[in-house]
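# Per-entry structural report
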There are 2 protein chains.
Amino acid sequence: MNSNNVTIYDVAREAGVSMATVSRVVNGNPNVKPTTRKKVQDAIDRLGYRPNAVARGLASKKTTTVGVIVPDISNIFFADLARGIEDVATMYKYNIILGNSDSNRDKEIHLLNTLLGKQVDGIIFMGGRLHEDLVNEFKKSPVPIVLAATLNQGYDLPAVNIDYEQAAYDATEMLIGHGHKQVGFITGPLEQQINGEKKFSGYRRALEDAGLPFRENDVILGNYTYASGLEAMQKMLERDDCPKAIFAGTDEMALGVIHAIQDAGYSVPNDFEVVGHDNTRLATMIRPKLTTVVQPMYDIGAVAMRLLTKILNAEEIEEKNVVLPHRIERRDSLRND
Amino acid sequence: MNSNNVTIYDVAREAGVSMATVSRVVNGNPNVKPTTRKKVQDAIDRLGYRPNAVARGLASKKTTTVGVIVPDISNIFFADLARGIEDVATMYKYNIILGNSDSNRDKEIHLLNTLLGKQVDGIIFMGGRLHEDLVNEFKKSPVPIVLAATLNQGYDLPAVNIDYEQAAYDATEMLIGHGHKQVGFITGPLEQQINGEKKFSGYRRALEDAGLPFRENDVILGNYTYASGLEAMQKMLERDDCPKAIFAGTDEMALGVIHAIQDAGYSVPNDFEVVGHDNTRLATMIRPKLTTVVQPMYDIGAVAMRLLTKILNAEEIEEKNVVLPHRIERRDSLRND
DNA sequence: TTTCCAATTGGAAACGTTTTATATAGCGTG
DNA sequence: CACGCTATATAAAACGTTTCCAATTGGAAA
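Described below are features of the structure shown in this document. Only a predicted model underlies this, so the values are computations on that prediction, with no experimental measurement involved.

Calculation criteria
- Residues numbered from 1 in each chain as written.
- Chains lettered and ligands numbered in written order.
- Predicted model: local features only at pLDDT ≥ 70, side-chain atom pairs only at ≥ 80, totals over all residues.
- Heavy atoms only, no water.
- Near = heavy atom within 4 Å.
- Polar contact = N/O pair within 3.5 Å; in protein donor to acceptor, adjacent residues only side chain to side chain.
- Helix = DSSP H or I, 4+ residues; strand = E, 2+ residues; numbered from the N terminus.
- Nonpolar A, V, L, I, M, F, W, Y, C, P; charged D, E, K, R; others polar.
- Contact = heavy atoms within 4.5 Å.
- Buried area = accessible area lost by both parts, 1.4 Å probe.
- Salt bridge = Lys/Arg side-chain N within 4 Å of Asp/Glu carboxyl O.
- Pairing = 2+ DSSP bridges.
- Buried < 20%, exposed > 50% of the residue type's maximum accessible area, 1.4 Å probe, protein only.
- Expected span 1.5 Å × (residues − 1).
- Axes fitted to C-alpha atoms, helices over the stretch in contact; angles between N-to-C directions.
- Parallel < 35°, antiparallel > 145°, perpendicular 65-115°, else oblique.
- Left-handed = near helix turned anticlockwise from the far one by under 90°.
- Least-squares fit on C-alpha atoms with pLDDT ≥ 70 in both.
- Right-handed = clockwise from strand over helix to strand, strands pointing away.

Turning our attention to the protein's contact with DNA strand C. The environment of DNA strand C is formed by 27 residues, the closest being A:Ile8, A:Ser23, B:Ser18, B:Arg24 and B:Thr36. Near-protein atoms of DNA strand C (within 4 Å) split between backbone and bases, with sugar and phosphate holding 60%. Interatomic distance of 3.4 Å between a backbone N/O atom of A:Ala55 and a base nitrogen of DNA strand C. B:Ser18 is positioned such that a nitrogen or oxygen atom in its backbone is 2.8 Å from a phosphate oxygen of DNA strand C. Of all the elements in the fold, those that place two or more residues in the surface near DNA strand C are helix H1 (8–15), helix H2 (19–26) and helix H4 (53–60) of chain A together with helix H2 (19–26) and helix H4 (53–60) of chain B. At four residues, the largest contribution of residues to the surface near DNA strand C is made by H4(A). When its residues are assigned to classes, the surface near DNA strand C shows 13 nonpolar, nine polar and five charged.

Written as structure tokens, this is what we have:
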């Protein structure tokens, strides 16, 4: 009945061989005579035997399970990443245990320890910033850890990212190229490495290279959400010297920005031009469609997982720090040249 | 160093007690003298002992892990559900193994078997339709399975849903109440139980109750995506007798519908009125903001997981088939009464 | 003291595999 | 026909816990 509780012993008895032989058949070990293999396979089918992965994990010290830590799976952004991870994991016969950290340091550490307790074979981590405590735990980890869309900060961990600094530079430069002498930058908290050190500095470098002044209040910080983008832009619009070109740190914020502009009676791209970041599905779900920096989240996840499998299989690794290419997808929130 | 490979034996030796006692301390068993407990706890801290969950799972036949099968985690809809599940799981000390099925029957069955092989304590399943093969596997499952946002179809499985039929009725009725003699219905494939049997029949019943005729070509089927909603509405707009009120099966399709209308030079809600379904975050990320049926995905996930914990703890269960309340969130895609 | 019971602790089996070392069978060869 | 191989198969020892049952301890009651 319950295909359960039938063990390798039962199969061995049924097939008239020893459990070791059954184990070999199950694991595809070639040292089994074809006729024996068939006998065992038949017994397995007859009994509906399903190997117990927990026992297997204990004996072999491999669980074919990897841990995935993301800030919040309900965010389209991380969900995309997770899908990339899962697809490649499936391809390599791994399963994933998923945990949400809310970018909270204690939760991150707790989650990490839980996953290690569950004996995962490896971990993919994504978070806004690497706290020192966390990195110390990482260093003690008996299994490999790969960062996805998370900056390395000098700790020598395998990681998969795009060049955020250059991407922000490119976006800002594109806006400047459209004749703007002033570019607004609306993004998430600067404590987050990617914003604070990369996007922000790319933005400044572009201004500098164009000989434009950096103005403190052209930068507004939110929390990545639509609402915070909307609000930031509303605040921006109250000023007399409001920039007419906006680079938003995420697509979701960019949607908020565009709606704030439209709600105020202005037009995008005629009165204001906007560039977003990430190229989530949201980018085409707005009018005008959003011009945005393409950060291939699915690919980052997929590549990170592939990198992890390479480490697990002790394959040759050409580069532990992978930087995926980015580009800007031009859509209607920018005027034609 | 590596807090790993230190076992319960090491702790026992360090503390000068037996492994059984260490086990008791680790598991919070009250039958341990406080002084002994302290001694053991100190040894644990000193050695950095972390219990091996795999060995624990083998010995106790409980893994404190549940499997979650969703069609596609990168869909905002399922991601929300997953977050609800994970939050409650964490609350009850469970972890989740997440798998994507793409609503594919073979993948669903394969995933189910993998999860059972990993000895999960329970499973939460979400899918468009329950194939008979799948249900047969469910019946053989040694662990409980709970359906989330997935219709039971007469198989007596625990499930958490809203009343889709009534929700569709309410939405259609609301549109009719605004004076429309014709209501378009743009949704996903009818093979999917929720669409084909519930939403569709609620739509028809509302027409009927209002004495309006059902017209075959007022219904267009897509695949839930923004693009398919856009396309469906474009097709609808080509007709001379195009309905001026649209009920869309998902928010994402509703956004497509609204944009198709706007792209054609019409106004929402002045020329057309639109109601969506799900109340995902998308609903407020469009102008006009979308009036939509609230399907609380996070709650469905949370309640489903809670239900599963009740089953696992053999708690009293008042109702295996939970129907959560729904309502319609009025926003600007509908004219004021 | 002695006795007895409850509280605490220890020992060992069990969980279902993998894996290593060992045994056996079959077979060509000299 | 014995010998030594190779190809297969077996037996038994891990893996790191939980858990059942037995043993010990401590203290109160007699």
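Anyway, onward from the coordinates.
Taken residue by residue, the interface counts 51 residues in chain A and 51 residues in chain B. Per-residue buried area on chain A facing chain B is highest for A:Arg83, A:Met285 and A:Arg287; these three make up 15% of the total on that side. Applying the counting criterion to the chain A and chain B interface returns eight salt bridges. Here B:Arg281 ties to A:Glu252 by a salt bridge, and the two come within 2.5 Å at their closest N and O atoms. At the surface where chain A touches chain B, the tally comes to 28 residue pairs in polar contact (both at pLDDT 80 or more). For the side of chain A that touches chain B, the elements supplying multiple residues, two or more each, are H4, helix H5 (76–91), strand S2 (95–100), helix H6 (105–117), helix H10 (226–237) and helix H11 (251–263) of chain A. A total of six residues in the side of chain A that touches chain B trace back to one element, the largest contributor, which is S2(A). Grouping the amino acids of the side of chain A that touches chain B by side-chain chemistry returns 20 nonpolar, 19 polar and 12 charged. Of the pairings in the sheet, the one linking S2(A) to strand S2 (residues 95–100) of chain B comprises three bridges and is antiparallel in character. By the bridge assignment for S2(B), A:Ile96 is matched with B:Leu98.

All names here are of chain B. Neither face of strand S5 (residues 159–162) is left uncovered, since the one carrying Ala159 and Asn161 and the one carrying Val160 and Ile162 both have all their residues buried. Relative to S5, strand S4 (residues 145–148) is paired through two bridges, and the arrangement is parallel. Paired with leucine 147 across the two strands is alanine 159, which belongs to S5. Judged from the four bridges that link them, S5 and strand S11 (residues 321–324) form a sheet pairing that is parallel. Note that in S11 the partner of isoleucine 162 across the bridge is leucine 324.

With that settled, the discussion passes to helix H8 (residues 164–177) of chain B. Residue and element names in this part refer to chain B. Between its terminal C-alpha atoms H8 stretches 20 Å, which fits the 20 Å expected from 14 residues at 1.5 Å a residue. The complete set of buried residues in H8 reads Tyr164, Glu165, Ala167, Ala168, Tyr169, Ala171, Thr172, Leu175 and Ile176. Looking at the buried side of H8, the elements it contacts are S5, helix H9 (193–209), strand S8 (245–248), strand S9 (273–278), strand S10 (291–294) and strand S12 (327–329). Where H8 terminates, the next one or two residues include glycine 179, which has phi positive at roughly 95°.

Residue and element names in this part refer to chain A. Here H5 crosses helix H12 (residues 297–312) at 40°, and the two axes come no closer than 7 Å. Judged by the inter-axis angle, H5 sits oblique to H12. Between H5 and H12 lies a crossing of right-handed hand. For the pair H5 and H12, the contacting residues are Phe77, Asp80, Leu81, Arg83, Gly84, Ile85, Asp87, Val88 and Ala89 in the first and Met297, Tyr298, Ile300, Gly301, Ala302, Met305 and Arg306 in the second. When the residues that make up the contact of H5 with H12 are grouped by side-chain class, the tally is 10 nonpolar, two polar and four charged.

A few words now on the relation of the copies chain A and chain B. Superposing chain A onto chain B requires a rotation of 180° together with a translation of 0.0 Å along the rotation axis, leaving an RMSD of 0.0 Å. Overall, the copies show the geometry of a two-fold rotation axis. Among all residues of chain A, the minimum C-alpha distance to the rotation axis is found for A:Ile97, at 2.2 Å. Comparing interface residues between copies, 100% of those in chain A also sit at the interface in chain B, which points to an isologous, same-surface contact.

Residues and elements named next belong to chain B. Burial of strand S3 (residues 122–125) is two-sided: the residues Gly122 and Ile124 facing one way and the residues Ile123 and Phe125 facing the other way are all buried. Bridge analysis of strand S1 (residues 65–70) against S3 gives four bridges, and the strand direction is parallel. Bridge pairing in S3 places valine 66 opposite glycine 122. Strand direction decides the pairing type here: S3 and S4, joined by three bridges, are parallel. When the bridges of S4 are listed, phenylalanine 125 appears paired with leucine 147. Regarding topology, helix H7 (residues 132–140) serves as the crossover connection from S3 to the parallel S4, and that connection is right-handed.

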